Amino acid sequence: MNVSVLLPVWDGERYLRQALDSLLSEGGDFELVVVDDGSTDATPEILRSYADDRLRVVYQGREGLVAALNRGVEESQGATIVRMDADDVSLPLRLEREEAVLGDDPRIGLVGCGIETIDGEGRATGSWLPPEDDAALRRRLLLRNPFAHGSVAIRRAALEAAGGYNGNYGANEDYDLWRRIAREWRLAAVPEVLYRYREHADAVTKTEVGERVEARERLRDELWREPTLVRALRGERDRAERRALVHEALRRRRYVAALRATLP
């Protein structure tokens, strides 16, 4: 078995069936490892209602997202770890497309895809595609998180070499992991919308906003000190991205980096 899909959930009864069905409706030999992080709603009953042999459920007391993610990695068997969130939808062929990118280049440690944003009722609200190439994704990391967490596939070797998930940056555990993977591995993205990302009031990104933003700013200050990211500032990029990079470098008093961002 080469692919393990990792889905942590806590009190996810509202959207969980949609998330599970979107994955299990796709053929192929993969395992779906769900870590129930102490749910008190109907989540356990929903999970027990599935008879698919590919689904394996790990129950634990309430320990938080980072602990659930690391538990899921430990319990999974695949050489590729595909992420999935319990309130989102994975589109057909996503697993195949992302695994193919990892298989084509052993230097790639992390691959994402385009996403469609949806609201609480599943209505489309927008879409976006991340850049495809490694250098562009490194530059994007300096400005914002270029991947929706649930949309990525990670080479296990890269995840383990980076030290797994940690909770030092609050709800930015994914952003922090990407920069650690980027130190030794290449980044990539599939230029197709293969994932639906749900935006609703109870989502992690909509709760504890102040703490999340504060931790994210601390992380971004550190990102601008990452040599493998700053080296990507030179190269082909459009005028808007160049201005954004220069502005961000100056805001963080990274004057040499700002100069580098102006050079072709």
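Applying the stated criterion to the full structure yields 28 salt bridges. For Arg179, the salt bridge goes to Glu226, with nearest N and O atoms at 3.2 Å. On the criterion of sequence distance, the pair formed by Arg179 in helix 7 (residues 173-182) and Glu226 in the loop between helix 8 (209-223) and helix 9 (227-230) is long-range, its members being 47 residues apart. Using a relative accessible area of 4% as the deciding quantity, one classes Arg179 as buried. In the salt-bridge network here, residues are joined through shared partners; they are Asp176, Arg179, Arg180, Arg183, Glu222 and Glu226.

Before going further, it helps to examine the packing of helix 5 (residues 134-143) against helix 10 (residues 239-251). One can describe the packing of helix 5 onto helix 10 by two numbers: an axis separation of 10 Å at closest approach and a directional angle of 45°. Classed by the angle they form, the pair helix 5 and helix 10 counts as oblique. The handedness of the crossing between helix 5 and helix 10 comes out as left-handed. In this structure, helix 5 contributes Ala136, Arg139, Leu142 and Leu143 to the contact, and helix 10 contributes Glu241, Ala244, Leu245 and Glu248. Taken together, the residues of the contact of helix 5 with helix 10 break down into five nonpolar, no polar and three charged.

Below, the discussion takes up unusual backbone geometry. You will see that Asp11, though not glycine, has its phi angle at about 50°, which is positive. The backbone of Arg253 sits at a positive phi, close to 60°, despite the residue not being glycine. Topologically, Arg253 is positioned in the loop between helix 10 and helix 11 (255-262). On the accessibility criterion, Arg253 (64% relative accessible area) is exposed.

For the rest of this paragraph, the subject is the environment of Ala157. In this fold, Ala157 is placed in helix 6 (residues 156-161). Judged by its relative accessible area of 41%, Ala157 is partly exposed. Here the alpha-carbon distance between Ala157 and Val193, two residues 36 residues apart in the chain, equals 26 Å.

Attention shifts here to the pairing of strand 9 (residues 186-198). Both strand 5 (residues 89-90) and strand 9 contribute to a ladder of two bridges, which runs antiparallel. Across the sheet, residue Val89 finds its bridge partner in strand 9, namely Arg196.

In this section: helix 1 (residues 16-24). Buried residues of helix 1: Leu16, Ala19, Leu20, Ser22, Leu23 and Leu24, and no others. If you follow the buried residues of helix 1, they end up packed against strand 1 (3-9), strand 2 (30-37), helix 2 (43-48), strand 5 and helix 4 (94-104).

What follows covers the nonpolar core. Among the nonpolar cores identified, the biggest contains 43 residues, and Leu110, Ile154, Leu177, Trp178, Ile181 and Leu233 are the most heavily contacted of them. Ranked by residues supplied to this core, first place goes to helix 7 with five residues. The residues touching Leu177, leaving out its near neighbours within four places in the chain, are Ile154, Leu159, Ala162, Gly164 and Tyr165. Counting residues in hydrophobic clusters, the runner-up holds 33 residues, among them Leu24, Val34, Tyr50 and Met84.

By secondary structure assignment, the location of Asn172 is in the loop between helix 6 and helix 7. The exposure class of Asn172 is buried, given its relative accessible area of 2%. One polar contact links the side chain of Asn172 to the main-chain carbonyl oxygen of Tyr169, over a distance of 3.0 Å.

With that out of the way, let us pick up helix 5. Burial analysis of helix 5 places eight of its 10 residues in the buried class, which makes it a mostly covered element. All buried positions along helix 5 are accounted for by Asp134, Ala136, Leu137, Arg138, Arg139, Leu141, Leu142 and Leu143. The inward-facing, buried residues of helix 5 abut helix 7, strand 9, helix 8, helix 9 and helix 10. The backbone nitrogen of Ala135 lies 3.3 Å from a side-chain oxygen of the residue at the head of helix 5, namely Asp133.

Attention shifts here to the side chain of Arg54. With respect to the element layout, Arg54 can be found in the loop between helix 2 and strand 3 (55-60). In terms of polar contacts, Arg54 uses its side chain to reach the backbone carbonyl oxygen of Glu26, at 2.8 Å. Setting aside residues up to four positions removed in sequence, Arg54 forms contacts with Leu24, Glu26, Gly27, Gly28, Phe30, Glu31 and Leu32.

Basis of the calculations
- Residues numbered from 1 in each chain as written.
- Predicted model: local features only at pLDDT ≥ 70, side-chain atom pairs only at ≥ 80, totals over all residues.
- Heavy atoms only, no water.
- Salt bridge = Lys/Arg side-chain N within 4 Å of Asp/Glu carboxyl O.
- Helix = DSSP H or I, 4+ residues; strand = E, 2+ residues; numbered from the N terminus.
- Buried < 20%, exposed > 50% of the residue type's maximum accessible area, 1.4 Å probe, protein only.
- Axes fitted to C-alpha atoms, helices over the stretch in contact; angles between N-to-C directions.
- Parallel < 35°, antiparallel > 145°, perpendicular 65-115°, else oblique.
- Left-handed = near helix turned anticlockwise from the far one by under 90°.
- Contact = heavy atoms within 4.5 Å.
- Nonpolar A, V, L, I, M, F, W, Y, C, P; charged D, E, K, R; others polar.
- Pairing = 2+ DSSP bridges.
- Core = buried A, V, L, I, M, F, W, Y, C linked by side-chain atoms within 4.5 Å.
- Polar contact = N/O pair within 3.5 Å; in protein donor to acceptor, adjacent residues only side chain to side chain.

Such coordinate-based values are descriptive only and should not be taken to indicate function.
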